[in-house]
Amino acid sequence: MSYDSTATLERRPAEPPIHDAAAFAGMRRAGRLTAEALDLLVEHVRPGVTTQALDDVVCGFARDHGAFSATLLYRGYTHSICTSINHVVCHGIPNDKPLREGDIMNIDVTLILDGWHGDSSRMYYVGEVPRRAARLCDVTHECLMLGVEAIRPGRSTNAIGAAIQGHAERERCSVVRDFCGHGLGRVFHDAPTILHYVEPTYDVPLRAGMLFTVEPMINLGRPQVKVLSDGWTAVTRDRSLSAQFEHTVGVTESGVEIFTLSPKGYHKPPYGPL
C-alpha cells in the first residue's frame, strides 16, 4: 500500500532503521508468501469476477498460511487487498461490480507473517486488453525494475527516482507524485520515503540493511490525481489509464535483494496459460 508523499515529506521521518540478517530472513518469508498470493490470483482474474471475490481469495490464503493482511482495518480500511482498475491510481476498494473484458487492474497485497511485512503489487489483464493499456503496463514494470537496479550502498534515494522518472518520461508517460514507496519491516510504513521522481530537497543515502518498497505509479496522461469521497480511492484527474508495480527490497552490502519476486515467474502480464 502506497504512502502519501506530501504528508511524509512534511513530517521528515527519523533516520531509516538498519536491519540485521535475521530481519532479512523474516522479510524473505513474508515477501515470498505475498508473491505466492499474487501468483494465486492469476487464475481468478477474468471477466465477470468481482474484486470482492479476489479479496476473499487472499483473505483465505493468508489465514491458511498463518498470516494476515496488513491493510485489513488499517486506518479504517475494511479489506485485505486494494484493487485499482483502469484510471484508478491506487487504493481501489474491492466491491461486487464484475470485472469487464479489457480492464487492467493493479492488485496490492501486504501480508504479515511472524511480524514481518511483505508488500507487493502487480498489474493484471482482464481478458484481451487494448495495446495502449498493455504498453503502459510494460513501461511501468520497466520503471520498477530500473528503479530497483539503481539501488546500492553509497547511492541515494534520488537515484531510484531518476531511473524511474527518466524512463517514464522518455516513453511519454508521467510519474504520480502524490504517493510513494516507504520503509517497512515489523512496521508497515517507516523511513525512508521512496519518491519515484527526483526531489532535490529530499535525498536519503542508501545503506546496507535498509528495507523499503519501490512502487511507481505511471499514467498515460498527466500526473495529477484526486482522492474520491471514500477517502481511499485515488484516480487520475484526466481519467487517463494508470498502472503500478511494487516490490519489497532490502539494501545489501553489494546491491539489492528483492523479497517479492514471483515463484512462478509471473513478473508482468500476460502471465501465461491459465
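**Thoughts on the side chain of asparagine 219**
Link 1 in the chain: Take asparagine 219: it is sitting in strand 11 (residues 217-219).
Link 2 in the chain: Of the residues examined, asparagine 219 reaches a relative accessible area of 0% and is grouped as buried.
Link 3 in the chain: Looking at asparagine 219, its side chain comes within polar contact range of the main-chain oxygen of arginine 222, at 3.0 Å.

**Regarding the nonpolar core**
Link 1 in the chain: The biggest cluster of nonpolar side chains holds 68 residues, and the ones touching the most others in it are Leu54, Ile104, Ile107, Phe212 and Val214.
Link 2 in the chain: Looking at this core, the elements that each hand over two or more residues are helix 2 (21-41), helix 3 (51-64), strand 5 (104-113), strand 6 (116-125), helix 4 (131-149), helix 5 (157-170), strand 10 (211-214) and strand 15 (247-251).
Link 3 in the chain: For this core, the element with the highest residue contribution is helix 4, accounting for nine residues.
Link 4 in the chain: What isoleucine 107 contacts, discounting residues up to four positions off in sequence, is Leu38, Leu41, Val45, Leu54, Ile81, Cys82, Thr83, Ser120, Ser121, Arg122 and Tyr124.
Link 5 in the chain: By size, the runner-up hydrophobic cluster in this structure holds eight residues, among which are Met1, Ile112, Phe188 and Trp232.

**Quick look at the sheet that holds strand 13 (residues 234-236)**
Within a sheet, each strand pairs with its neighbour through backbone hydrogen bonds, oriented either parallel or antiparallel.
Link 1 in the chain: In spatial order, the strands read 4-13-12; together these three strands make up an open sheet with antiparallel pairing. Looking along the sheet, the strands with just one partner apiece sit at the ends: strand 4 (88-90) and strand 12 (225-227). For this sheet, the mean inter-axis angle between neighbouring strands, taken without regard to orientation, is 40 degrees.
Link 2 in the chain: As defined by bridge partners, strand 12 adjoins strand 13 across three bridges and the pair is classed as antiparallel. Paired with lysine 226 across the strands is valine 235, a residue of strand 13.

**Some remarks on the side chain of glutamate 215**
Link 1 in the chain: The topology assignment puts glutamate 215 in the loop between strand 10 and strand 11.
Link 2 in the chain: Lacking a salt bridge, the buried glutamate 215 has arginine 75 as its closest oppositely charged neighbour, with an N-O distance of 12 Å.
Link 3 in the chain: In terms of polar contacts, glutamate 215 uses its side chain to reach the side chain of threonine 213, at 2.7 Å.
Link 4 in the chain: Those residues in contact with glutamate 215 that sit more than four places away from it in its chain are Met1, Ser2, Cys180, Gly181, His182, His196, Gln244, Phe245 and Glu246.

**Some words on the sheet that holds strand 7 (residues 174-175)**
Link 1 in the chain: The sheet built from three strands is open, its strands ordered 7-11-14 with antiparallel pairing. Of all strands in the sheet, those with a lone pairing partner are strand 7 and strand 14 (242-244), marking the two edges.
Link 2 in the chain: Relative to strand 11, strand 7 is paired through two bridges, and the arrangement is antiparallel. Across the sheet, valine 175 pairs through a bridge with isoleucine 218, a residue of strand 11.
Link 3 in the chain: Along the sheet, helix 4 contacts strand 11 and strand 14; its crossing angle with strand 14, the most-contacted strand, is approximately 35 degrees.

**Focus on the packing of aromatic side chains**
Link 1 in the chain: Here the structure, examined in full by the defined rule, presents five aromatic pairs.
Link 2 in the chain: Between tyrosine 266 and tyrosine 271, the ring centres sit 5.6 Å apart and the planes meet at 50 degrees, which makes this aromatic pair tilted.
Link 3 in the chain: Accessibility expressed as a relative area gives 16% for tyrosine 266, which makes it buried.
Link 4 in the chain: Classification of tyrosine 271 by relative accessible area gives buried; the value is 10%.
Link 5 in the chain: Members of the aromatic cluster, each reached through a chain of ring pairs, are Tyr124, Tyr266 and Tyr271.
Link 6 in the chain: Between the NZ or CZ atom of arginine 177 and the centre of the ring of tyrosine 197, over which it lies, the distance is 4.9 Å.

**Comments concerning the pairing of strand 9 (residues 190-194)**
Link 1 in the chain: Taking burial as the measure, the five residues of strand 9 include four buried ones, the bulk of the element.
Link 2 in the chain: Where strand 8 (residues 179-183) and strand 9 come together, three bridges link them in antiparallel fashion. Residue pairing in the sheet places glycine 181 in a bridge with isoleucine 194 of strand 9.
Link 3 in the chain: Counting the residues in the hairpin turn of strand 8 and strand 9 gives six residues.

About the cut-offs
Residues numbered from 1 in each chain as written. Predicted model: local features only at pLDDT ≥ 70, side-chain atom pairs only at ≥ 80, totals over all residues. Heavy atoms only, no water. Helix = DSSP H or I, 4+ residues; strand = E, 2+ residues; numbered from the N terminus. Buried < 20%, exposed > 50% of the residue type's maximum accessible area, 1.4 Å probe, protein only. Polar contact = N/O pair within 3.5 Å; in protein donor to acceptor, adjacent residues only side chain to side chain. Core = buried A, V, L, I, M, F, W, Y, C linked by side-chain atoms within 4.5 Å. Contact = heavy atoms within 4.5 Å. Pairing = 2+ DSSP bridges. Axes fitted to C-alpha atoms, helices over the stretch in contact; angles between N-to-C directions. Lys, Arg positive; Asp, Glu negative; His and termini not counted. Salt bridge = Lys/Arg side-chain N within 4 Å of Asp/Glu carboxyl O. Phe/Tyr/Trp six-rings, centres within 6.5 Å; stacked < 30°, edge-to-face > 60°. Lys NZ or Arg CZ within 6 Å of the ring centre and 35° of its normal.

This is a description of form; function is not addressed.
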